[in-house]
Amino acid sequence: PARAAQKKKLLGPKKNAQQVRDLLRTRLALTEAELDRMVRRRPLGALTTIKPKLDWLQRRLDLDTQQLARLVRREPTVLTNSVERNNAPTLDWLQRRLGLDAAQLRKMVLRL
């Protein structure tokens, strides 16, 4: 019984990782090779946090799906960083500090 419970615990993270990969593959058309590269750098996190971060980034920067995919490919940490503690304050600071409008901010972020 203890072994079965231990096995179930291991399936949870594996299933979550597969769900995150499925989401990124279907929503952003990322390839297996791109996903593997991202995971090697840093684990992607929980599905329950990744989807809202994708939605937030897309809304905040007014990105289409291809632009969002390009951002995630180049800077996968946007999926693991906290929106409240990192992504939002960083984008707000850049926008204020450089005096950018929304379109200029999007253009700058996409060039990173």
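Figured I'd write up the structure that's included with this text. Since this is a predicted model, take the numbers as computed values, not measurements. Residue numbers run consecutively from 1 along every chain, following the written order of its sequence. Side-chain atom pairs in this predicted model are given and counted only at pLDDT of 80 or more, local residue features only at pLDDT of at least 70, and totals for whole chains, interfaces and linings cover all residues. Note that the side-chain values use all heavy atoms of the structure and ignore hydrogens as well as water.

Considerations on the packing of helix H4 (residues 65–74) against helix H6 (residues 102–111)
Describing two packed helices takes the angle between their axes plus the distance from one axis to the other.
Part 1 of the argument: Every angle, taken between N-to-C directions, lies between 0 and 180 degrees, and every axis is a line fitted to C-alpha atoms, over only the stretch in contact when it is a helix. Helix numbers and strand numbers start at the N terminus; a helix is a DSSP run of H or I with at least 4 residues, a strand a run of E with at least 2. Contact geometry of H4 with H6 gives a least axis separation of 9 Å together with a crossing angle of 45°. As summarised for this structure, H4 and H6 are arranged oblique, according to the angle between their axes. Listed contacts from H6 to Gln67, Arg70, Leu71 and Arg74 of H4 are Arg106, Val109, Leu110 and Arg111.
Part 2 of the argument: Looking at the contact of H4 with H6 residue by residue, the classes come out as three nonpolar, one polar and four charged. An angle counts as roughly parallel when it lies under 35 degrees, as roughly antiparallel when it exceeds 145, as roughly perpendicular when it falls between 65 and 115, and as oblique in every other case. By definition in these notes, contact holds between two residues if any of their heavy atoms fall within 4.5 Å. Asp, Glu, Lys and Arg are counted as charged, while Ala, Val, Leu, Ile, Met, Phe, Trp, Tyr, Cys and Pro are counted as nonpolar; the rest, among them Gly, fall into the polar class.

Side note on the nonpolar core
Part 1 of the argument: Here the nonpolar core consists of buried residues drawn from Ala, Val, Leu, Ile, Met, Phe, Trp, Tyr and Cys, with membership extended through side-chain atoms lying within 4.5 Å. Burial classes: relative accessible area under 20% of the type maximum marks a residue as buried, over 50% as exposed, and values in between as partly exposed (1.4 Å probe, protein chains only). One finds Leu24, Leu28, Leu30, Leu54, Leu61, Val72 and Leu79 to be the most contacted residues of the largest nonpolar core, which totals 28 residues.
Part 2 of the argument: Only helix H1 (2–28), helix H2 (32–41), helix H3 (47–61), H4, helix H5 (83–98) and H6 provide two or more residues apiece to this core.
Part 3 of the argument: Here this core takes five residues from H3, the largest share from any one element.

Observations concerning H3
Part 1 of the argument: The terminal C-alpha atoms of H3, which comprises 15 residues, lie 21 Å apart, in line with the 21 Å expected from a rise of 1.5 Å per residue.
Part 2 of the argument: Where H3 is concerned, the buried positions are Ile50, Lys53, Leu54, Trp56, Leu57, Gln58 and Leu61.
Part 3 of the argument: Positive phi shows up at Asp62, right after H3, with a value of about 55°. For a helix, the expected span equals 1.5 Å multiplied by the number of residues minus one.

What to know about the pattern of salt bridges
Part 1 of the argument: We define a salt bridge as a side-chain nitrogen of Lys or Arg found within 4 Å of a carboxyl oxygen belonging to Asp or Glu. Taken as a whole, this structure holds nine salt bridges when the rule is applied.
Part 2 of the argument: When the shortest N-O distance is used, the salt bridge between Arg21 and Glu32 registers 2.6 Å. Residue Arg21 is located in helix H1, and its partner Glu32 is located in helix H2; the two are separated by eleven residues in the primary sequence.
Part 3 of the argument: Residue class for Glu32 comes out partly exposed when judged on its relative accessible area of 36%.
Part 4 of the argument: Here Lys51 and Asp55 are joined by a salt bridge, their closest N and O atoms 3.2 Å apart. Placement of both Lys51 and Asp55 in helix H3 is noted, with a separation of four residues, approximately one turn of the helix.
Part 5 of the argument: Here the residues in one salt-bridge network are Arg21, Asp22, Arg25, Glu32 and Asp36, joined through shared partners.

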